[in-house]
Amino acid sequence: MKTSTIDTLADDYIVIDTEGKPVLRELAIVNSRGETICELHVDRESEVGHPNLHLQTLPDVLHQFARHSHNKVVVCHHVEHDRQVLRDSFTHAHIPWVEPQWACSCELARKELSDVHSYGLENLAHALNLQVNGQYFNGDRAHSALYDAEFTYQLYRLLRRRQNIRALKDRPNPFTSSRVDTPFQTHPNLDRVSQTEFERLKAVIRDVERDVNHQSQGVVVQGEPGSGKTHIIMRLADDLLDDHRLLFIRQPNNAESILYHTYSRILESLAESVGERTQLDLLLTRSLAPIVRAVVTGTEAQSDRVILEALASDRLDLLGAEGSRKQREYWDRIEKHAQRWWNETYSNSGYAPAILKGLMRYCRYTQLHLKNAVTRWLSGSELNGEELSSVGLESWPDRMSREAFALEAIAVLGKLSLLDRPLILVFDQLEALGMAEHRPILMAFGEAVKELFTHVPNCVIILNLFPDRWTQFQQLFDGSIVDRVSQTQIVLQKPPLSVMQDMISMRLEALPASTEDIFEPEELQDILEQSSIRKVINRASDYYRYRICNVPLPPQSEPALKVSTEDTISSAEVLRRLRHLEERVWSLRATLDHHGLSHDGQPAIPAGVEANSPALAPTIVSPSSSQQIVHAYLEDQRELLARQYEKPTICDDSDDIGKLRAIALAMSEIKSFQTQRLSLGKRKLPEHLVIQSSRTRVMGFLNTESSRSFLARLQNFNQLVLYHPHMRFGLFRDSRQRIMTGKVTQTAIERLKNAENGSFNILAKKERIELELINKMITDIRNRDLDVDLPDAMRAIAVWKGRTWLTKLFD
C-alpha cells in the first residue's frame, strides 16, 4: 500500500537518507536549518558497540531516529524506499515501529517542476544548480547517506521557497520600513536592540522626575546614520506616552525664529493622539486636578467635588455635554481656579495667563474645528471675529515678539508638567546645521537651547546627532551650552549579528515563511554584515524584492569621500568606510563563488552541469542610477506626506522661506544663480527670496492670520512689484489658511494678480507636498539617511513626473 505523505511543505521537519536493504546500514539526519544532527553507520558484525565511534549497534541507531523524528515531519527523496528500510530494521531489532508523518521531495518536485526530464536527486540537483558547501552534485559521491540527505535538504528548501514565493507575491514587503521619520509612527521593534541605551535614557527621565528642584537635563544621543537614533525615541513614545509628553522638533532652518520653530513643532506634537485623546488633553487634565485641589482646599463646594471627580477619573463627560450650560459653568470655574493658582504661584504678567487660558480652552472643547482654532490661536495667529467668539479668546497684540512669546509658551508647558510628568523634548535631523552655510542657524540654535534650559523646568532635552557632528558642535557652542546639553551622552552601536538576525526573523513572523526560506546563507551573511541597522533592513528588502518580485539587486553604493576644512571626516567615519570596502570585497568573492567562478573570473562548473541551467542566486546586475533611487524615494515619501497633510499644522512664513532657501542652496550644486532679499525701507515685507538666473523671480510666503499684518505686507509687496518691473513676483498662501475677505484686502490681492509681473497663488495640497518633499529629501541626504549624492538627486528631481513648480523657479 502506498505510504501517505503530506502535500504541503512543513516548517518543523528533519531530512533523512538511508542506505541498506532490507536492514539499515547508514542513516543521516539533517535538521530544518541544514545542520547535520547525526551520521550513523550500523555495525552488523556485532551486537555490541565497536571502538570506532562511527559504528553503532542497530538498536542504538533506531532509537536515535525515533528521538529525532518525534513530532517532526520526516522528509526523504523517495519515501517508499526509506520508510521500508526503517520499518524492516525496527522489526529486525524487535523495537515497536511508530509511523511518523512523511514528506517526499520527489513527489513535491513533480508538482512544482514540470520542465525536467527526470526527478532523481542527481538530475534535480544538476538542473537546479543545487550546491552543498559550495560544490555541485557529484555522482561519484552519491549513495552516501549524508551526501544525499544534504542535497535533499537543499532541494526541499528550494521547493519551500517556490511555494512561499507564490504565497508572498500579494503580501507587502516586511522590510520596506527601515527609517523612523517621527516617533509617533509604528515600526517593528525588537527590545534587545540598544536595550541598555534605552534604559539609560529612561533613567534620566526618572532622575528629573525625582529631582526636588525639577531642573531640566540634557542628553546627547550619538550614532552613525541608520543606527536607530530616532527609533529609540519611537520606543520612548511607545513606552511612555500614557504618562509623559514627548515633543519632536525637526531641524530649524531660520536663524531668526528658532524658538518659534521649536514651539510650533511642540504644538504639532501635542496634537498627536494617545488613544482617543491628544497629548495636550492629557497634560492639561492631569495638571488641572492638583491645581483645583490646591485652590479649593478648605472651601470645597459641591461643584468643585464634581470637577475633582471628573479630573481624577479622566471623565470629562461628567462636566456636561459639549456646548451645554452645565459644561460652560464647570469649565468657567476651572479656569477661574487655574488663573488664581497661576497668579499666586507665578505672576499675572506677560503672555503666560493668556496662554494658560488658551490651553484650558483647548481641553474644554471636543469638536475638531474648535480645537484646531485654539491651536492656531496658541501659535500666535490671529483668528477672525467669529472664530474668536466661538472659542472665547481675544486677539494677540499686533507688535508681539514671536521669539519671546514662544519661549514663554514653552515655559508655561514646563511649569504645568511639574504637576504631571517631565516633558521630553527631542531635537532631531540636526546634522545639516554643521554646514558652513548654516553656521548662523547653528549658533542661534545653541543660544535657543540655552534659553530653554534657563526658563523651562522639568524637561529632558535630547539632541540626536552623528558623533562627528557633536564633536564639531562642542567646538562652536559656548561651554555652558555644552555642559547642560551633554549631562548624559549615549552612544548607539550596531547590535551583535545574533540580535540583527533575530530582528530579520521578527519582521517575517507574520508571513508564512522563515529567514531560511527567503535567504540563502551567503545572502543572509551579506545582509547582516551591512554597516548599520538601516542598511541591514534595506539589504534584506533588496533580496526580498529579488526573491518575490524578481527585481534585480541594486548595487551597494557609498557616498564619495569629501573632505573640506569646514566638514572634516572623523576617524570613526574613516574606519566605517574601510569596513564598507572590506564588506564589498567579501560580497564580490561570495558572488563569484556562488556562480562557480574562481576569483580570477574563470568558470569552475563541474562536469555534468549544463551551462544554461537556471540559477537560483541573484545575478550580478548593472548599477541602478541615482535617478531610479531618488524617484523611488520620492514616491514613498510623497505617500507619507499625503497622509500627514490633514494633521494640524502651524504654517509659518519663516519656516517656509527657510525650506525654499535650503532648496535653492541644494539647486546651486547643479545650476548657477544668485539669491538675495529685497527691502522697502523699514516697512515689513512678506518673507521672500530673490532668485537671479536667466530671469529674476521673487518668491514670497504670506500665511499670517492677522488681517492687519496681511494687508500691510501685501501692500508693501505690491510696491516692490511696481518698483521692479523686470522681476517676476509670486506670493503664496497655504490653502489651509483662512481666506482674507476684507474689501481693501481683496483689492490689494487683485492688484497683485493683475500686475504684468506679479501673481497671488494658493499653495494647494499638491504644491505644499512638493515643497515639503524636496526639502525633506535634501535634509535626508545631508543627514545621510538617503545614500545619494546631492547633485545627482537635484538632477533627478528635475525630470521626476515632469518639472515641479519649484524646479521652474531656477530656470
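Quick caveat: nothing in here was measured; it's all calculated off a predicted structure.

K.L.:
Looking at this model, I keep getting lost on the overall build of the protein. Mind explaining?
P.N.:
Of regular secondary structure, the protein possesses 29 helices and 20 strands. Looking at the protein as a whole, 55% of its 811 residues qualify as buried. In the protein, the proportion of contacts linking residues at least 24 apart, taken out of those at least 6 apart, comes to 74%. Roughly 36,900 Å² of accessible area belongs to the protein as shown, and the carbon and sulfur atoms make up 49% of that amount.

K.L.:
Which parts of the structure should I look at to understand the sheet that holds strand β17 (residues 687–692)?
P.N.:
Two modes of strand pairing occur in sheets, parallel and antiparallel, and in both the strands are linked by backbone hydrogen bonds. An order of β16-β17-β18-β19-β20 is seen for the five strands of this open sheet, with the pairing classed as mixed. The outermost strands of the open sheet, each flanked by one partner alone, are β16 (674–676) and β20 (758–763). Neighbour-to-neighbour, the strand axes of the sheet open up by a mean angle of 20°, direction not taken into account. Two elements, strand β18 (residues 696–701) and strand β19 (residues 728–734), share five bridges in a ladder whose sense is parallel. Across the sheet, residue Arg697 finds its bridge partner in β19, namely Arg728. The sheet strands contacting helix α26 (residues 707–723) are β18, β19 and β20, and the helix crosses β19 at an angle near 160°.

K.L.:
Just to check I follow, could you spell out the packing of aromatic side chains for this structure?
P.N.:
To describe a pair of aromatic rings, you give the distance between the ring centres and the angle between the ring planes. For the structure on display, the rule yields 23 aromatic pairs. Here Tyr351 and Phe405 contribute two aromatic rings whose centre-to-centre distance is 5.6 Å and whose plane-to-plane angle is 80°, an arrangement assigned as edge-to-face. Placement of Tyr351 in the loop between α11 (325–345) and α12 (352–364) and of Phe405 in helix α15 (residues 402–417) is noted, with a sequence separation of 54 residues between them. Here a set of aromatic residues connected by ring pairs shows up, and it is made of Tyr263, Tyr351, Trp377, Trp396 and Phe405. The positively charged end of Lys371 is found above the aromatic ring belonging to Tyr362, 3.8 Å away from the centroid.

K.L.:
Help me understand unusual backbone geometry, please; the structure alone is not making it clear to me.
P.N.:
Keep in mind that most residues, glycine aside, have a negative phi and that most peptide bonds are trans. The residue after Lys21, namely Pro22, is reached through a cis peptide bond having omega 5°. With respect to the secondary-structure elements, Pro22 resides in the loop between β1 (13–19) and β2 (26–31). Even without being glycine, Asp314 reaches a positive phi, approximately 55°. Given a relative accessible area of 31%, Asp314 falls into the partly exposed group.

K.L.:
Please explain the packing of α12 against α15 as it appears in this structure.
P.N.:
For any two helices packed against each other, the geometry comes down to the angle between their axes and how far apart the axes lie. It is the contact of α12 with α15, at a shortest axis distance of 10 Å, that shows an interaxial angle of 60°. Classified by the angle between their axes, α12 and α15 sit oblique to one another. Helix-helix and strand crossings are classified by hand; for α12 and α15 the assignment is right-handed. Here α12 contributes Ala352, Ile355, Leu356 and Leu359 to the contact with α15, which in turn contributes Phe405, Glu408, Ala409, Val412, Leu413 and Leu416. Looking at the contact of α12 with α15, its residues break down into nine nonpolar, no polar and one charged.

K.L.:
What is the right way to read the sheet that holds strand β6 (residues 101–104) from this model?
P.N.:
An order of β4-β3-β2-β1-β5-β6 is seen for the six strands of this open sheet, with the pairing classed as mixed. Of all strands in the sheet, those with a lone pairing partner are β4 (55–56) and β6, marking the two edges. Relative to β6, strand β5 (residues 73–76) is paired through four bridges, and the arrangement is parallel. Its bridge partner lying in β6, Val74 is registered against Trp102. Against the sheet, helix α1 (residues 58–69) touches β1, β2, β3 (36–42), β4 and β5, its axis set at about 155° to β3. Contacting β5 and β6, helix α3 (residues 105–112) crosses the sheet at an angle of about 50° to β6.

K.L.:
Quick question: what am I supposed to make of helix α5 (residues 145–168) here?
P.N.:
Each full turn of the α-helix corresponds to 3.6 residues, which orients residues three or four apart in the same direction. For α5, spanning 24 residues, the distance from its first C-alpha to its last is 34 Å, which sits close to the expected 34 Å at 1.5 Å a residue. Among the 24 residues in α5, 20 count as buried, and that is most of the element.

K.L.:
Whenever I open this one, the pairing of β20 confuses me. Can you help?
P.N.:
Put simply, side chains in a regular strand alternate between the two faces of the sheet. Bridge count between β19 and β20: six bridges; the pairing is parallel. Within the sheet, the bridge partner assigned to Gly730 lies in β20 and is Ser759. The handedness of the β19 to β20 crossover, carried by helix α27 (residues 743–754), is right-handed.

K.L.:
Hey, could you run me through the pairing of strand β15 (residues 488–491) in this one?
P.N.:
Taking every second residue as pointing to the same face, the buried face of β15 carries Thr488 and Ile490, while none of Gln489 and Val491 on the other face is buried. In this structure, strand β9 (residues 217–222) lies alongside β15, joined through four bridges in parallel fashion. Its bridge partner lying in β15, Gln222 is registered against Val491.

K.L.:
Would you mind going over the pattern of salt bridges with me for this structure?
P.N.:
Pairs can form between side chains of opposite charge once their charged atoms are near each other. Counting across every chain of the model gives 52 salt bridges. Of the charged contacts in the structure, one is a salt bridge between Lys776 and Asp780, with a shortest N-O distance of 3.1 Å. Residue Lys776 and its partner Asp780 are located together in helix α28 (residues 765–782), separated by four residues, close to a single helical turn. For Asp780, a relative accessible area of 1% corresponds to the buried category.

K.L.:
When you look at the side chain of Glu112 in this model, what are you seeing that I'm missing?
P.N.:
Mapping Glu112 onto the fold places it in helix α3. Given a relative accessible area of 15%, Glu112 falls into the buried group. There is a polar contact of 2.8 Å between the side chain of Glu112 and the side chain of Arg166. Leaving out residues up to four positions away in the same chain, Glu112 has contacts with Leu159, Arg162, Gln163 and Arg166.

K.L.:
What exactly am I supposed to notice about the side chain of Asp428 here?
P.N.:
With respect to the helices, strands and loops of the structure, Asp428 is situated in the loop between β13 (423–427) and α16 (439–455). Buried within the structure, Asp428 lacks any salt-bridge partner; Lys229 is the closest side chain of opposite charge, at an N-O distance of 6.4 Å. Ignoring sequence-local partners within four residues, the contact set of Asp428 consists of Thr230, Phe248, Ile249, Arg250, Gln251 and Asn464.

K.L.:
Would you mind showing me how to read a negative patch on the surface here?
P.N.:
A cluster of acidic side chains, namely Glu447, Glu451, Asp478 and Asp483, defines a negative patch on the protein surface. The topology assignment puts Glu451 in helix α16. A relative accessible area of 31% places Glu451 in the partly exposed class.

K.L.:
Can you help me understand helix α24 (residues 626–644) in this one?
P.N.:
Taking 1.5 Å of rise per residue, the 19 residues of α24 would be expected to cover 27 Å, and the 27 Å separating its terminal C-alpha atoms lies within 8% of that figure. Regarding α24, the residues found buried are Val630, His631, Tyr633, Leu634, Gln637, Leu640 and Leu641. On the buried face of α24, the contacting elements are α28 and α29 (790–798).

K.L.:
What's the story with the confidence of the model for the protein in this structure? I'm lost.
P.N.:
In low-pLDDT regions, the fine details of the predicted coordinates are not to be read closely. In this model, the protein carries a mean pLDDT of 86, and residues with pLDDT of at least 70 account for 88%. Across residues 558–568, where pLDDT falls below 50, the model places 22 contacts with residues more than four positions away in sequence or in other chains.

K.L.:
Please explain the environment of His143 as it appears in this structure.
P.N.:
Checked against the element boundaries, His143 lands in the loop between β8 (135–136) and α5. The spacing of His143 and Glu26 is 117 residues in sequence and 9.9 Å in space, taken between C-alpha atoms. Other than its neighbours up to four places away in sequence, His143 contacts Glu19 and Asp148.

K.L.:
I tried to follow the environment of Tyr365 on my own but got confused; where do I start?
P.N.:
Along the chain, the position of Tyr365 falls in the loop between α12 and α13 (368–378). Each C-alpha atom, one on Tyr365 and one on Glu322, is 7.0 Å from the other, the two residues being 43 residues apart in sequence.

What counts as what
- For every chain, the first residue of the written sequence is number 1, and numbering continues from 1 onward in sequence order.
- With pLDDT at 70 or above as the cut-off, local features in this predicted model cover only qualifying residues; side-chain atom pairs require 80 or more to be listed or tallied, and sums for whole chains, interfaces and linings still use all residues.
- To get the side-chain values, take all heavy atoms of the structure and skip hydrogens and water.
- Each helix corresponds to a stretch of at least 4 residues labelled H or I by DSSP, and each strand to a stretch of at least 2 residues labelled E; elements are numbered beginning at the N terminus.
- Relative accessibility decides the category of a residue: with a 1.4 Å probe and only protein chains considered, values under 20% of the type maximum give buried, values over 50% give exposed, and everything between is partly exposed.
- By the convention used here, residues are in contact when the closest approach between their heavy atoms is within 4.5 Å.
- Per-residue and other accessible areas were derived by the Shrake-Rupley procedure at a 1.4 Å probe size, with only the shown protein chains allowed to occlude residues.
- By the convention used here, strands pair only if DSSP detects at least 2 bridges between them.
- Note on definitions: angles span 0 to 180 degrees between N-to-C directions of axes, and those axes are lines fitted to C-alpha atoms, for helices only across the stretch in contact.
- Aromatic rings from Phe, Tyr and Trp, with only the six-membered ring used for Trp, were paired whenever their centres fell within 6.5 Å, and each pair was classed as stacked if the ring planes differed by under 30 degrees, edge-to-face if by over 60, and tilted otherwise.
- Look at NZ for Lys and CZ for Arg. If either is within 6 Å of the ring centre and within 35 degrees of the ring normal, a charge sits over the ring.
- Here is the rule for angles: anything less than 35 degrees is roughly parallel, anything more than 145 is roughly antiparallel, 65 through 115 is roughly perpendicular, and the remaining ranges are oblique.
- Helix crossings get a hand from a simple test, with the near helix turned counterclockwise from the far one by less than a right angle marking a left-handed crossing and a clockwise turn marking a right-handed one.
- Just so you know the grouping, Ala, Val, Leu, Ile, Met, Phe, Trp, Tyr, Cys and Pro go in nonpolar, Asp, Glu, Lys and Arg go in charged, and all remaining residues, Gly too, go in polar.
- Residue count minus one, scaled by 1.5 Å, sets the expected span of a helix.
- A clockwise course of the path from the first strand over the helix to the second, judged with the strands pointing away from the viewer, identifies a crossover as right-handed.
- Salt bridges, as used here, are contacts in which a Lys or Arg side-chain nitrogen is within 4 Å of a carboxyl oxygen on Asp or Glu.
- Polar contact criterion, stated in full: a pair of N or O atoms within 3.5 Å, where within protein one must be able to donate a hydrogen and the other to accept it, and residues adjacent in sequence count only if both atoms are side-chain atoms.
- Under the counting rule used here, the positive set is Lys and Arg, the negative set is Asp and Glu, and His together with the chain ends is not counted.
- Think of a patch as exposed residues, more than 30% relative accessible area, with no salt bridge, where like charges cluster within 9 Å and nonpolar side chains (Val, Leu, Ile, Met, Phe, Trp, Tyr) cluster within 5 Å.
- Charge positions come from single atoms, namely NZ of Lys, CZ of Arg, CG of Asp or CD of Glu.
- Confidence of the predictor at the level of single residues is given by pLDDT, which spans 0 to 100.

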